[in-house]
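This is what each chain is made of:
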Amino acid sequence: RAGHMLLVGVGGSGKQSLTRLSSHLCGYTTVQIVITGTYGIADFKSDLQNMYMKAGVKGEGVMFLFCDSQIKSEKFLVYVNDLLSSGRIPDLFTKDEMDGICNTLAPKVKAAGMRNDAATCAEYFISQVRQNLHVVLAFSPVGDDMRARATKFPALVSCTTIDWYQPWP
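Throughout what follows, the structure given in this document is the object of discussion. (Residues numbered from 1 in each chain as written. Predicted model: local features only at pLDDT ≥ 70, side-chain atom pairs only at ≥ 80, totals over all residues. Heavy atoms only, no water.)

## Description of the nonpolar core
Nonpolar side chains in soluble globular proteins tend to be buried together.
Point 1. By size, the foremost hydrophobic cluster in this structure holds 40 residues, and its most contacted members are Phe44, Leu48, Tyr52, Phe64, Phe66, Phe125 and Leu133.
Point 2. Elements represented by at least two residues in this core include exactly α2 (41–57), β3 (62–67), α3 (75–85), α4 (95–111), α5 (118–132), β4 (133–139) and α7 (155–158).
Point 3. Discounting residues that sit within four places of it in the chain, phenylalanine 44 has contacts with Ile33, Tyr39, Phe64, Phe66, Phe76, Tyr79 and Val80.
Point 4. Residues Tyr28, Leu65, Val136 and Ala138 belong to the second largest nonpolar core, which totals 6 residues. (Core = buried A, V, L, I, M, F, W, Y, C linked by side-chain atoms within 4.5 Å. Buried < 20%, exposed > 50% of the residue type's maximum accessible area, 1.4 Å probe, protein only. Helix = DSSP H or I, 4+ residues; strand = E, 2+ residues; numbered from the N terminus. Contact = heavy atoms within 4.5 Å.)

Right, dumping it as structure tokens:
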């Protein structure tokens, strides 16, 4: 199980290549957002919803590769911080969307011997997301951005395993 990782190293050190390789070896789908001129928080939220559905409802292994160059807005890190710390992102799904998720998961919740109510179903969904969604943050240590972000969003370092990548010989 890959867990959540913060990979730190300068560009060209192999962070993304090794992440893709390990994801493939584990049989996970690698997801990386594509930043465009119009990509915003709504798009990021939609991408997270898709990952949550694959990991939490379908039970698929998903490796979310997120680079510091993709942080178009600091609000992205609010979502990432919540994802890393608890898996619960407060406004990710509407009540109607969560009801649909619970209806889909009802047989699995019942088979697990759990009560089939909204709260239990939501807990089951998050537990599946936490089991199947793995986050890899590929950040550069150059400059003050990483330190400032780690201070502002503590789960970036407290809820990850940190690997420092040095130049390859």
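## Side note on a nonpolar patch on the surface
Point 1. Together, Leu18, Leu21 and Leu25 make up an exposed nonpolar region whose accessible area comes to about 290 Å².
Point 2. Positionally, leucine 25 belongs in helix α1 (residues 15–26). (Patch = residues over 30% accessible without salt bridge, like charges linked within 9 Å, V, L, I, M, F, W, Y side chains within 5 Å. Areas by Shrake-Rupley, 256 points an atom, 1.4 Å probe, with all protein chains shown as cover. Salt bridge = Lys/Arg side-chain N within 4 Å of Asp/Glu carboxyl O.)

## Re the pattern of salt bridges
Point 1. On inspection of all chains with the given rule, the structure shows 5 salt bridges.
Point 2. In this structure, glutamate 123 engages arginine 88 in a salt bridge whose closest nitrogen and oxygen atoms are separated by 2.7 Å. Of the two residues, glutamate 123 is situated in helix α5 and arginine 88 in the loop between α3 and α4; the sequence distance between them amounts to 35 residues.
Point 3. Using a relative accessible area of 41% as the deciding quantity, one classes glutamate 123 as partly exposed.
Point 4. Accessibility expressed as a relative area gives 38% for arginine 88, which makes it partly exposed.

## Brief notes about α4
Point 1. Helix length check: α4 (17 residues) gives 24 Å between terminal C-alpha atoms against 24 Å at 1.5 Å per residue, within 8%.
Point 2. Of all bends in α4, the biggest is about 55°, found at leucine 105, and the proline proline 107 comes one to four residues later.
Point 3. Those residues of α4 that fall on the buried side of the exposure criterion are Met98, Ile101, Cys102, Leu105, Ala106 and Val109.
Point 4. Elements in contact with the buried residues of α4: α2 and α5.
Point 5. Count one or two residues on from α4 and you reach glycine 113, which has phi positive near 80°. (Expected span 1.5 Å × (residues − 1). Bend = angle between axes of the 7 residues up to and from the residue.)

## So, the side chain of glutamine 49
Point 1. Considering the arrangement of structural elements, one finds glutamine 49 in helix α2.
Point 2. Glutamine 49 sits in the buried class, given a relative accessible area of 16%.
Point 3. A polar contact of 2.5 Å, which involves the side chain of glutamine 49, links it to the backbone oxygen of leucine 92.
Point 4. Discounting residues that sit within four places of it in the chain, glutamine 49 has contacts with Leu92, Phe93 and Glu97. (Polar contact = N/O pair within 3.5 Å; in protein donor to acceptor, adjacent residues only side chain to side chain.)

## Some remarks on α5
Point 1. Counted at 1.5 Å a residue, the expected span for α5 with its 15 residues is 21 Å, and the 21 Å between its end C-alpha atoms agrees.
Point 2. Where α5 is concerned, the buried positions are Thr120, Cys121, Tyr124, Phe125, Ile126, Gln128, Val129 and Asn132.
Point 3. On its buried face, α5 is in contact with α2, β3, α4 and β4.
Point 4. The distance from a side-chain oxygen at the start of α5 to the backbone nitrogen of alanine 119 is 3.3 Å, and the residue carrying that oxygen is aspartate 117.

## Here's the deal with the packing of aromatic side chains
How two aromatic rings sit relative to each other is set out by the distance from centre to centre and by the angle between their planes.
Point 1. As enumerated under the stated definition, the model contains 9 aromatic pairs in all.
Point 2. Centre to centre, the rings of tyrosine 39 and phenylalanine 76 are 5.9 Å apart; their planes meet at 85°, and the pair counts as edge-to-face. One end of the pair, tyrosine 39, is in the loop between β2 (29–31) and α2; the other, phenylalanine 76, is in helix α3, and 37 residues separate them in sequence. In this structure, tyrosine 39 and phenylalanine 76 share a single accessibility class: buried.
Point 3. Seen in terms of ring centroids, phenylalanine 44 and phenylalanine 66 are 5.6 Å apart; in terms of plane orientation they differ by 40°. Their pairing is tilted. Separated by 22 residues along the polypeptide, phenylalanine 44 in helix α2 and phenylalanine 66 in strand β3 bring together distant segments of the chain.
Point 4. Overall, the relative accessible area of 0% leaves phenylalanine 66 in the buried class.
Point 5. Through successive ring pairs, a cluster of aromatic residues spans Tyr39, Phe44, Phe64, Phe66, Phe76 and Tyr79. (Phe/Tyr/Trp six-rings, centres within 6.5 Å; stacked < 30°, edge-to-face > 60°.)

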